[in-house]
Amino acid sequence: MKKALVMVGVFALIGSAWAFRPTKAEELVPESPQPLKSHVVACVVDADQTSRAVMQIVPFGGMRLIAAGAGSTLLDREVTDLEPIELSSLVPSGTGVVGVEFSGSGGEAAIEASGETSLWAGNCPPAITATGVITAVSTDTGESTMLYLANPYAADAEVAVLSSSEQGSDNLGALSSIHIPARSVVSRNISDIFRLRKSVSLVFETRRGAFHALVIEGGSGDTMMVEARPGATEWFVPVPSSIPSNILVAPSTQQPTSVLVERFDGEWTTVFEEMIPVGEHLEFDATTKGEGPGFLRITSTTPVVAGISLFGDGYRAGGPGLTRLGYEWLAVGSEGRRMTLLIMNPNDVEGELRVFHGTRQITRTVPPESMIEVPLLWEGFASVESSVAVGLAWTAEEPGLAYSNGYTYTEWE
Amino acid sequence: MTTETEPVARVNRPKVVAALLFYDAESQASALTAVASQVYEPSRVVVVGVGEDAAAFAASKKLQLVDSLEALVMGLEKEFEYVWVLHGDAEPRPDALQALVGEAKRTDASVVGSKILKHEDPEQLESVGAATDVFGEPYLGLDENEVDLQQYDVVRDVGFVAAVSLLIRRDLLRGLRGLDRMQPPDSAGIDLSQRARLAGGSVIVAPSSEVLHRRSCQNKVADWREQAGRIRSMFTAYKAVTLLWTVPLGLAVALFEGIGRLLMGKVAPLLNTIKAIAWNVAVFPTTLGARRRLRLIRSSGDEELFRYQVSGSIRLKDFFADLGEKLGLVVDSEPGLISEEDLTRDKSVAGPLVGGIVLFFAALMARSLWAGGSGFGGYMLLPDHPGDVLWSYAGGWNPTGLGTPIPPHPAAATVALAQLLCPFNSAFLTILNVSAGVLAIFGFSRMLSRLGAEGPSRHVGGFVYAVGPMAIAIGNEAYWPATLALGIFPWAVSAVLAEDKKGGGFRRRAGGIGAAMLTGGILGGLAPLGFFALIAALGVAAALGISKLSSVSRAFVATVSAIVVAGPYLNAVSPERLLNGFTIETWPQSKILVAALLVALAVGVVAGRHWVIAGWGGFLMGIGWMLSLLPSFGGELSVAAVLLVSAGMGAVVAEAFSFGRHGGSVTTAVRTTGALAVLVVVFSALGGIGDGRLGYPKGEWVGKFEFASALSENPGRILLISDPARIPGEFRVGPGFAYRLIDGDEVNFDEAWLYEPRNGDVALDAVLQNLASLNVTRPGEALSRFAIDWVVVEQGLPIDEAFVAQFDMAKIPLLTDFSVYANERARPVFDGPDASWVRQGVLGRGDPKPGLVKIAYNADDRFRPNPGIDGWGATVSPEKGSVGFKPDFARRAMALLGFLILGCGVGFVIWGRKESSE
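Residues numbered from 1 in each chain as written. Chains lettered and ligands numbered in written order. Predicted model: local features only at pLDDT ≥ 70, side-chain atom pairs only at ≥ 80, totals over all residues. Heavy atoms only, no water.

Engineer: Describe the overall build of chain B, naming the residues involved and giving the relevant values.
Structural biologist: From N to C terminus, chain B includes 34 helices and 26 strands. Of the accessible surface of chain B, which amounts to about 35,700 Å², a share of 59% is contributed by carbon and sulfur atoms. (Helix = DSSP H or I, 4+ residues; strand = E, 2+ residues; numbered from the N terminus. Areas by Shrake-Rupley, 256 points an atom, 1.4 Å probe, with all protein chains shown as cover.)

What follows is the structure, encoded as structure tokens:
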């Protein structure tokens, strides 16, 4: 009897436990961090090739200026005023990296440099941690076209560079693996590596670390700077009305991509749709696709970088297009240049613009699906407020030509 | 029985002094009478001894008293040629001395020993000179109770003669400085004979000299002391080159024999070996002194000793002889069957054989852990400074993570205490793991015996208990304290269930209480809620009528001891902390295994020799599984549940495999079903035999962070960011990763547990959240206040991207699967006014100067002097040149009480055992 009771008791206990046994505990599910938002922009200064260069910073929070020569320790100081910074004081000789670290907010730093016959400008690019592209440069001028890879960070970086030109893909051993030591700049004269290419695109595939990449195409005449940008599937390229220009579209991945090019100059026109094979890029003359001021919208099935190259008798300029639209824009630079703001409106409604320039304010209207040009005598940076989301680039002239994008701090979503 | 001995001429008779070694007055008087009746009268009789009894005896007989042979021989006139060393419990026949002197003169021997006969039966031989093996083990060459038929009456060289009666040249004895006073009687004779031979003397036995021996000299000598003395003799006599191979070989032989005897049900040999080793470690400096003294007079090499030694090991021969005898017992019985009687007899060979097989497979399954060569899951690396761990446990500051006043886990303190007490630090892990495994297997068998079970199936139950499904579940969770707790739990139950034998006196009862204190205390020290399992196991046993109420007092003592030893921790942590942090799964993963256990339970209850024990096991499994249904199940409660389930499984398997009843209602089919169910359970455990880790992860963290100490004299902290499955010990969770701080260059056992987050932990979490958003470009600066020198990130985790574009943490290629970043902004844990401030143990010191010492510990108002707060961190004034911490006195008192309980437990057990041995 006792045995039976014990058996009933034991099996009832175990049966109850089995019936209500806990399910397996949930495992920790990793949450993905937010997408990369770099707060560091950096440019390269080659003191031996630049007679005067200044950096203008557009701040919205705390800033620290960073600078490093090859292998040197990092200069690291707080920036408290917004006066243009003479870069010769930071990089008195040789090649160095100069950048700005923005903490807790966005910001932009642009560089403007000039020589006796040259003028160039550009935004300091963000870090590349995966892939990036420089497009719309050339090596057919017979002058130097320098690729600068700047690594102001604490860890070494390594990158593979793939190139393409009108002659197709160039897989060159010299660029297949470039080691960029921490806090230093590595340069390559790509004119020596592949000569007489009318249009060149460089695709950067990061093996480790992070770096900033730009090309300075110089010579006896004008100089231009083009910075690397990460790929995107939608680009806007403002096209000045009076300057011959080429558009280059380079994929940032090793995949074929289909590209649709549309022009907005008061009317919306589909220019063409074309497939870019692996290892090649697409180049076309922007000015033959329409007359007067206008802008192009380039969309693709895989990420690409679209840029513009401006050229003429004794001058050249260029840079990547825009990937963002915004309501408030800043254009940085230095005083004493004749310059033009290129303000594009891809919306189907008119935009009311207020341009603040020095002590003056200009009110303009930008029609739907069109671009206007606003000439100014440069007096430091200018800001633009718009009733609709617009895009902004600018050119500066005499001597030489510079082309650069603006910086928006209230983005259109 | 005497033989005619040629009288020594009275002319030029050598003068002899008789040295009577004093043991007790009664025997001594008889010895003195026998000496007085010698036909060859000694010129002087001296009593050698210490204490009041010896002094009183010498005074009453008007004899000279010296405290040692050395003192005697140093003051002895040169006219004395020989010293007759005679035990005070010996009675020499009248011509004994004459025979000794005669043979000494005739053979020119240096040491001449007598034939020793048993006083209670003078027909029986005790010793006629003897040999030893190379380990100093005596080989008498006599059968038990062998009668003296003069079969050994030949004067011959021997390995040693008993110190009961021996004649030795005065000058030799002076050179040897007498008997080794630290040697017990038997090994003293071996030691003296060996030293005499190495000094160039010869050692012979003169059987014509007969001495009756009472052996009261051994009354106050513990069993292990003779073994200890023999080890000391080896160290004294052998040259270094001989010791190089004899010591490790001797140790291996002793341990093998000890474990073998343990399997045969005898605990004492293994314990004696351990005691003998410990004693020799303690007295080693004096052994070196004895060795130096011998070197002064040494004239022969070790080969002189080898000539008189037998080959092989006497201990092993005896062991195998005993084993063979037991085998013979079974072989001689009914062919092919083990009879019921054999099963119930402790001397049955089946028990040792099954035990041996079980131990072999258990060792195979846990070989990587038992080897102790690598840690696993971060839980196996011992504290660098066990004393600091004990200080922290006793109300001090606990530096784990960013520091806390909560004491370390009791298991950390228990292991640290054992580490301090263990003389072999390098082998400590192996000793601990092997001990836990062996204790678990045989402790479980012993527990089942206390519950009334018998037969070899107990060992199979022990196997399932120690290395079965629950042991593997513990390994999967890498919770090492639970593995150790498996080792002590059955002993705690046994200590409570031990029966008071009839006639057991107070000391024996105290011994039982001491065992309950000791085992209960250790259980609490390893598993703070282990007392739940203890109470449940005992409660079910009482409810089923298989334990008596007489054990209530011991159950109470064991439970209180467990609670008190874990007291500082239980007092400090919240219930949530006790029930969280980890969970050991109590349900087997396989439904087939559960079904097999249920079948085994049914067969055990129906057909087991003691069905009630199977029922007991079933209830324990059920209670353990029911506990897992509690909403707050986890942490220490899961350890208690695992102890219950594991014990339940073991008991069920043991009874299902016991084949208790023949014929009748229990059919062969039922028994076969039970055996198959047991095989399923056993083979489910054997599945983990592959890597020999019992489910524990590989010890990938051993030595992984040594770069920290190699590259920095005072390594601060390492921030380890990894997948939760790989991270050693407990961890905190960030967005998409787990992380923890590591103090110094390795994850020590005492660091395994993390405690409730304090302000610093919250601040660090915020920094890591920010870092994970990839918005931080100065991670080194952000982490410097936490004294983090290094960040180690598992490659492939998204947060590794946060260290790509940043300015102050240099990536160093040190590890293959982890990115290592050195903090260029690193600051020390004790950031004082100058560089003199460094960490020392848990706290810090430096030059006394004005200013502030910022401490990368969570702020606490018990830091001294002048505690303050800097953000989340602590600050003190540097003016005293050191940082102090005011302890929590309540926890300190509890910790001291816990240590006292363990100490008293040991003391009572030894005291109680002595009475039983007497």
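Engineer: Describe helix α2 (residues 52-60) of chain B, listing the residues and the values that go with them.
Structural biologist: All names here are of chain B. Where α2 is concerned, the buried positions are Ala 54, Phe 57 and Ala 58. Projected down its long axis, α2 carries its buried residues within an arc of 95°, all on one side. Of the exposed residues in α2, the ones pointing more than 90 degrees away from its buried face are Glu 52, Ala 59 and Ser 60. Residues of α2 that are buried sit in contact with α1 (25-36), β2 (44-48) and β3 (64-66). The positive-phi residue at the C-terminal boundary of α2 is Lys 62, with phi of around 55°. (Buried < 20%, exposed > 50% of the residue type's maximum accessible area, 1.4 Å probe, protein only. Arc of directions from axis to C-beta. Contact = heavy atoms within 4.5 Å.)

Engineer: Quick rundown of the interface of chain A and chain B? Include the residues and the values.
Structural biologist: Taken together, the contact pairs 37 residues of chain A with 44 residues of chain B. For the pairing of chain A and chain B, the buried interface totals around 3,700 Å² over both sides, and the portion due to carbon and sulfur atoms is 71%. Our enumeration of links across chain A and chain B arrives at 2 salt bridges. Here Glu 101 of chain A ties to Arg 778 of chain B by a salt bridge, and the two come within 2.4 Å at their closest N and O atoms. In this assembly, chain A and chain B are joined by 5 residue pairs in polar contact (both at pLDDT 80 or more). Mapped by element, the contributors of at least two residues to the side of chain A that touches chain B are α1 (2-19) and β3 (62-69) of chain A. A total of 12 residues in the side of chain A that touches chain B trace back to one element, the largest contributor, which is α1 of chain A. Residue composition of the side of chain A that touches chain B, grouped by class: 22 nonpolar, 6 polar and 9 charged. (Buried area = accessible area lost by both parts, 1.4 Å probe. Salt bridge = Lys/Arg side-chain N within 4 Å of Asp/Glu carboxyl O. Polar contact = N/O pair within 3.5 Å; in protein donor to acceptor, adjacent residues only side chain to side chain. Nonpolar A, V, L, I, M, F, W, Y, C, P; charged D, E, K, R; others polar.)

Engineer: Would you mind going over the pattern of salt bridges in detail, with residue names and values included?
Structural biologist: All names here are of chain A. If you walk through the whole model with that rule in mind, you get 44 salt bridges over all chains. Across the salt bridge formed by Arg 354 and Glu 385, the nearest N and O atoms sit 2.6 Å from each other. Of this pair, Arg 354 sits in strand β27 (residues 351-357) while Glu 385 sits in strand β30 (residues 382-397), and the two are 31 residues apart along the sequence. Given a relative accessible area of 37%, Arg 354 falls into the partly exposed group.

Engineer: Tell me about unusual backbone geometry, and please be specific about residues and values.
Structural biologist: Cis peptide bonds are those with omega within 30 degrees of zero, and the linkage from Arg 864 of chain B to Pro 865 of chain B qualifies with -5°. By the element assignment, Pro 865 of chain B lies in the loop between β23 (863-864) and β24 (868-870). With phi around 55°, Leu 196 of chain A is a residue other than glycine that occupies positive phi space. Examined against the element boundaries, Leu 196 of chain A turns out to sit in the loop between α3 (190-193) and β15 (200-208). Of note in the backbone geometry, Ala 478 of chain B takes a positive phi value of approximately 55° without being a glycine. Judged by its relative accessible area of 7%, Ala 478 of chain B is buried.

Engineer: Report on the side chain of Glu 146 of chain B, specifying residues and quantitative values.
Structural biologist: Residues and elements named next belong to chain B. Mapped onto the fold, Glu 146 is located in the loop between β9 (138-139) and β10 (156-157). Although Glu 146 is buried, it makes no salt bridge; Lys 118 carries the closest opposite charge, 9.7 Å away. A polar atom in the side chain of Glu 146 sits 2.7 Å from the backbone nitrogen of Asp 143. One polar contact links Glu 146 to Tyr 152, side chain to side chain, over a distance of 2.7 Å. Setting aside its immediate chain neighbours within four residues, Glu 146 contacts Glu 123, Gln 124, Leu 125, Gly 141, Gln 151 and Tyr 152. (Lys, Arg positive; Asp, Glu negative; His and termini not counted.)

Engineer: Give me the sheet that holds strand β19 (residues 830-831) of chain B: which residues, what numbers.
Structural biologist: Residue and element names in this part refer to chain B. Across the sheet, which stays open at both edges, the 4 strands sit in the order β19-β22-β25-β24 with antiparallel pairing between neighbours. Since the sheet does not close on itself, it has two edges, and those belong to β19 and β24, each with one partner. As judged from the 3 bridges shared by β24 and strand β25 (residues 873-876), these two strands associate in the antiparallel manner. Each bridged residue has a counterpart across the sheet, and for Gly 868 the counterpart in β25 is Thr 875. (Pairing = 2+ DSSP bridges.)

Engineer: Describe in detail the packing of aromatic side chains, supporting the description with residues and values.
Structural biologist: All names here are of chain B. This structure, assessed with the given rule, holds 29 aromatic pairs over all chains. Seen in terms of ring centroids, Phe 360 and Phe 361 are 5.4 Å apart; in terms of plane orientation they differ by 80°. Their pairing is edge-to-face. You can call Phe 361 partly exposed: its relative accessible area is 31%. Taking the centre distance of 3.9 Å and the plane angle of 20° together, the rings of Tyr 479 and Phe 582 count as stacked. In this pair, Tyr 479 sits in the loop between α20 (469-477) and α21 (480-497) while Phe 582 sits in the loop between α26 (575-578) and α27 (591-607), placing the two residues 103 residues apart along the sequence. Residue classification places Tyr 479 among the buried residues on the basis of a relative accessible area of 0%. By relative accessible area, which is 7% here, Phe 582 ends up buried. Over the ring of Phe 80 we find Lys 15, and its NZ or CZ is 5.1 Å from the ring centre. Across from the ring centre of Trp 224, 5.9 Å away, lies the NZ or CZ of Arg 225, which sits over that ring. (Phe/Tyr/Trp six-rings, centres within 6.5 Å; stacked < 30°, edge-to-face > 60°. Lys NZ or Arg CZ within 6 Å of the ring centre and 35° of its normal.)

Engineer: Explain the pairing of strand β22 (residues 853-858) of chain B to me, using residue names and the numbers behind them.
Structural biologist: Residues and elements named next belong to chain B. Counting buried positions along β22 yields 5 of 6 residues, so the element is predominantly enclosed. As paired strands, β22 and β25 are joined by 4 bridges and run antiparallel to one another. Following the sheet pairing, Val 853 is matched in β25 by Val 876.

Engineer: Residues and numbers for the sheet that holds strand β16 (residues 212-217) of chain A, please.
Structural biologist: Residues and elements named next belong to chain A. If you trace the 4 strands from one edge of the open sheet to the other, you get β14-β10-β16-β17, paired in antiparallel fashion. Two strands lie at the open edges of the sheet, namely β14 (184-189) and β17 (224-227), each paired on one side alone. For this sheet the average axis-to-axis angle between neighbouring strands, irrespective of direction, equals 20°. In the sheet, β16 pairs with β17 via 4 bridges, with the strands oriented antiparallel. Bridged to Glu 217 within β17 is Met 224. (Axes fitted to C-alpha atoms, helices over the stretch in contact; angles between N-to-C directions.)

Engineer: Now, about the side chain of Thr 206 of chain A: what can you tell me, with residues and values included?
Structural biologist: Residue and element names in this part refer to chain A. In this structure, Thr 206 sits in strand β15. Residue Thr 206 is classed as buried on the basis of its relative accessible area of 17%. Discounting residues that sit within four places of it in the chain, Thr 206 has contacts with Ile 128, Thr 129, Ala 130, Glu 158, Val 159 and Phe 211.

Engineer: For the environment of Lys 854 of chain B, give the residues involved together with the corresponding values.
Structural biologist: All names here are of chain B. Summarising the element assignment, Lys 854 is placed in strand β22. The sequence separation of Lys 854 and Arg 785 amounts to 69 residues, and the corresponding C-alpha distance is 8.9 Å. Not counting chain neighbours up to four residues away, the residues in contact with Lys 854 comprise Arg 785, Arg 827, Val 829, Phe 830, Asp 831, Asp 870, Ala 874 and Thr 875.

Engineer: I'd like to hear about helix α23 (residues 530-543) of chain B, residue by residue, with values.
Structural biologist: Residues and elements named next belong to chain B. Helix length check: α23 (14 residues) gives 20 Å between terminal C-alpha atoms against 20 Å at 1.5 Å per residue, within 8%. Among the residues making up α23, those that are buried are Gly 530, Phe 531, Ala 533, Leu 534, Ala 536, Ala 537, Leu 538, Val 540 and Ala 541. For α23, the secondary structure elements touched by its buried residues are α18 (428-451), α21, α22 (506-526), α24 (552-565), α28 (611-627) and α29 (635-656). Within two residues after α23, Gly 545 carries a phi angle of roughly 80°, on the positive side. (Expected span 1.5 Å × (residues − 1).)

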